[in-house]
Amino acid sequence: METAAAATTREFSLDRPTRSRTNFEFAMRRFARQKLALAGLLIVLILVLAAVFAPIVAPTGYADADLMSANKFPSWDYPFGTDPIGHNYLSRTIFGIRTSFLVGFLAVGVACLVGVPLGLAAGLRGGFTDTVVLFAVQVMTAFPGILFAMFLLSVVTSGVLKALFGNQVLNVAIVIGVTSWVGLCRLTRAQIISLREREYVTAARSLGATDFQIAVRHLLPNAVPPLIIAVTLLMPIAIFAEAGLSFLGLGINEPTPSLGKMIADSRSSIQLYWHLGVFPTLAIALAVLGFAFVGDGLRDALDPRQN
Amino acid sequence: MARYILGRLISLIFVLLAVSLIAFFLMHAVPGGPFDVGERRLPEATRQAQLRKYGLDQPILVQYVKYIWHVLHFDFGVPFQRPTETVTSLIGSRWPVTIKIGIPTILVAYTFGTFFGFVAAVRQNSWIDYLVTTVGTLGLTVQSWVIGIWLILLLSVQLKLLPTGGWGDWKHYLMPVAAYSLAPMALVARYTRVSILEVLRADYVRTARAKGLGERRVLLSHVARNSLIPWVTVLLPEIPNILTGSIFIESVFRIPGLGGYFATSMLSRDYPMILAVTLLIAVLWGLTYLLTDILYTVLDPRIRLTGTRVKV
């Protein structure tokens, strides 16, 4: 891994005609130089493509079952085998990736929507706002996450709210997002606190900019790099949170498959049919590694001082 | 210092109140009460009698105030799953099992994690560094129960070395501890690696080398000591998590500990048990954070504690 100084020297070597480059271009070049990060990006891209085009890629639909060929081990006809109901396990895995990624992206989105504005407000306003946000953060940290998610999910999926939250995939994503905003909030707050005394903020303020303008135009763009990294690393955590809920029987309803649910369901029959556990676990591990490599690569590319 | 600690304790009390309030209301908002879940479908009259017996027929706010009043007298009520015991005695008999898994887990995770992180940092960008980073990344995100399932498949089903689960002799410890310690171990390794890399570039390390000290001496007495600070601040708070056990580990390996009970309590709406365990986790969490902040000043005298926790 190259240090920032070395990278800069190379960019400005004399035998090249000088051309001004934006910070973004520099970051992309630093990113492209890391093999592990590129490999991660490739994995993530393949999985995302598989997820998006699942109906085309998968040999059968996720609910198509053939009971006559249930519990088959992997073969040419069924590369990943079949499950106890006779689903083609390759199709289940591909659609599982689709569900898990959907949950992951949505959950991270929700976490950003809650955490970033709260962190911004706390960091910028300080005082009472800060106290209230920090209190909420403390309460959320002290509260057992799984309990919060379980109860929230039960509340959301039943009773009055049932009509409002009809889609279980959406429910699970929202609940995971609402449970995992704390890290993003603390990160944003820390960033804003370290940025808010900079000269350009004072300059903007003396020109009469409002708090909102300062936050959105000046502070947020500068706080983005560490947030991108945090978001990349939150994805696999969200994917596994769905798996955890599935383990407790609270995840996504049949017949929609998700990687977490497939692993959880394989528990009972894994002693006989190993393939039911292997393929979803492999897919989830690949996704985790892909996102983590991309996140680490972004950390080095966007924030050269940190490493 | 005393003033600071007092202030923190008071704020902890407010956090606990908020936690109990949220848990209480969320719990009651979940459809289905403790006496109409699953198989225990009781005749309506009996159900009403049960509800009256436990005071569940009263307005929820009254119930909450009463509950807090009892808790202040260390009375956590009676678990609905086992009406002959009290919550305190049930936790008292289950928690030791969880702690017996937790302590070896902490020892394994922190010893090996520190070691791997140290080796990875000293040999930065070598194959061992990449191995530690990759396995660490996986360990941090792949949940313990997935690892547990695979350990059972490999060691119990295929090789028939260890029992698939249960509780008794030393054989029952190995797999749960291995599965459970991977995530904290990865975390410890990751942070140790980063903080040692940082210290390795510090001026006093260069000075120590310039003085002609041997590499071993530099690493042990200059580097290792000073990389302890992130260790305390980031890693100490993991300990209460481990000590209160994992729902997943305990149900995969069928360990009769607190975590498993917590899961069944949640599913069967055992209100007193849920609240007690939640409060227990929150108290442990709060005290560890306070301890962390105090240790922080002891380790780095440049840091002074003033007002509320500013460090993020």
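A. The overall build of chain B, seen in detail. Scanning chain B from N- to C-terminus turns up 14 helices and zero strands. In chain B, the order of α-helices and β-strands from amino to carboxyl end is α-α-α-α-α-α-α-α-α-α-α-α-α-α. With the C-alpha coordinates of chain B rotated into their principal frame, the extents come out at 85 × 60 × 30 Å. The buried share of chain B, reckoned over its 312 residues, is 35%. Summarising the internal contacts of chain B: among those between residues at least 6 apart in sequence, 73% fall at separations of at least 24.

B. View of the overall build of chain A. When you go through chain A residue by residue, the secondary structure sums to 13 helices and zero strands. Helices and strands in chain A line up, N terminus first, as α-α-α-α-α-α-α-α-α-α-α-α-α. Residues counted as buried form 46% of the 307 residues belonging to chain A. Partitioning the intrachain contacts of chain A with sequence separation of at least 6 by distance along the chain shows that 71% fall at a separation of at least 24.

C. Quick peek at the interface of chain A and chain B. Facing the 37 residues of chain A at the interface are 30 residues of chain B. Here the side of chain A that touches chain B gets seven residues from one element, more than from any other, and that element is helix α7 (residues 145–156) of chain A. Tallied by class, the residues present in the side of chain A that touches chain B amount to 25 nonpolar, nine polar and three charged.

D. Spatial organisation of helix α8 (residues 168–179) of chain A. Residue and element names in this part refer to chain A. Between its terminal C-alpha atoms α8 stretches 16 Å, which fits the 16 Å expected from 12 residues at 1.5 Å a residue. When we look at burial in α8, the residues that qualify are Asn-171, Val-172, Ala-173, Ile-174, Val-175, Ile-176, Gly-177 and Thr-179. On its buried side, α8 packs onto α5 (89–125), α7 and α11 (211–247).

E. The arrangement of unusual backbone geometry in detail. Of note in the backbone geometry, Arg-254 of chain B takes a positive phi value of approximately 50° without being a glycine. For Arg-254 of chain B, the location among the structural elements is in the loop between α12 (247–252) and α13 (258–267).

F. Up close: the confidence of the model for chain B. All names here are of chain B. Overall, the predicted model of chain B reaches an average pLDDT of 80, with 92% of residues at or above 70. pLDDT under 50 marks residues 307–312. Its contacts with residues more than four places away, or in other chains, come to five contacts. For this predicted complex, the interface confidence reaches an ipTM of 0.77, while the overall pTM sits at 0.80.

G. Up close: the packing of α5 of chain A against α11 of chain A. Residue and element names in this part refer to chain A. Contact geometry of α5 with α11 gives a least axis separation of 8 Å together with a crossing angle of 145°. Regarding α5 and α11, the two cross each other, and that crossing is right-handed. In contact with Ser-100, Val-103, Gly-104, Ala-107, Val-108, Ala-111, Cys-112, Leu-120 and Leu-124 of α5, α11 contributes Asp-211, Ala-215, Leu-219, Leu-220, Val-231, Leu-234, Met-235, Ala-238, Ile-239 and Glu-242. Broken down by class, the residue content of the contact of α5 with α11 amounts to 15 nonpolar, two polar and two charged.

H. Representation of the packing of α7 of chain A against helix α1 (residues 2–29) of chain B. The N-to-C vectors of α7 of chain A and α1 of chain B enclose an angle of 40°; their axes lie 9 Å apart at closest approach. In this structure, α7 of chain A meets α1 of chain B at a crossing whose hand is left-handed. Between α7 of chain A and α1 of chain B, the contacting residues are Phe-151, Leu-152 and Val-155 of chain A on the first element and Leu-26, Met-27 and Ala-29 of chain B on the second. Within the contact of α7 of chain A with α1 of chain B, the residues separate by chemical class into six nonpolar, no polar and no charged.

I. Structural detail: the nonpolar core. All names here are of chain A. Core analysis: the biggest nonpolar cluster contains 152 residues, and Ile-176, Leu-234 and Ala-238 have the highest contact counts within it. A per-element tally of this core places α11 first, with 18 residues. Ignoring anything within four residues of it in the chain, the contact list for Ile-176 reads Val-103, Ala-107, Ala-149, Ala-238, Ala-241 and Glu-242.

J. Summary view of the environment of Gly-32 of chain B. Along the chain, Gly-32 of chain B turns up in the loop between α1 and α2 (44–53). The spatial distance from the C-alpha of Gly-32 of chain B to the C-alpha of Ser-268 of chain B is 9.0 Å, given a sequence separation of 236 residues.

K. Representation of the confidence of the model for chain A in the model. For chain A, mean pLDDT is 80; residues scoring 70 or higher make up 89% of the total. Confidence, read as mean pLDDT per element, is least for helix α1 (residues 4–11) of chain A in chain A (50) and greatest for α5 of chain A (89).

L. Structural view of the environment of Gly-177 of chain A. Residue and element names in this part refer to chain A. Mapped onto the fold, Gly-177 is located in helix α8. You can call Gly-177 buried: it has 23 C-beta atoms within 10 Å. Residues Gly-177 and Leu-234 lie 57 residues apart in sequence; the distance between their C-alpha atoms is 9.9 Å. With sequence-adjacent residues up to four places away left out, Gly-177 is seen in contact with Leu-106, Ala-107, Gly-109, Val-110, Ala-111 and Val-114.

M. Examining α7 of chain A more closely. Taking 1.5 Å of rise per residue, 12 residues should cover 16 Å, and α7 of chain A covers 16 Å from first to last C-alpha, within 8% of that figure. Burial in α7 of chain A covers these residues: Ile-146, Leu-147, Ala-149, Met-150, Phe-151, Leu-153, Ser-154 and Val-155 of chain A.

Rules behind the numbers
Residues numbered from 1 in each chain as written. Chains lettered and ligands numbered in written order. Predicted model: local features only at pLDDT ≥ 70, side-chain atom pairs only at ≥ 80, totals over all residues. Helix = DSSP H or I, 4+ residues; strand = E, 2+ residues; numbered from the N terminus. Buried ≥ 20, exposed ≤ 12 C-beta atoms within 10 Å, placed from the backbone. Contact = placed C-beta atoms within 7 Å. Nonpolar A, V, L, I, M, F, W, Y, C, P; charged D, E, K, R; others polar. Expected span 1.5 Å × (residues − 1). pLDDT = per-residue confidence, 0-100. Axes fitted to C-alpha atoms, helices over the stretch in contact; angles between N-to-C directions. Left-handed = near helix turned anticlockwise from the far one by under 90°. Core = buried A, V, L, I, M, F, W, Y, C linked by C-beta atoms within 7 Å.

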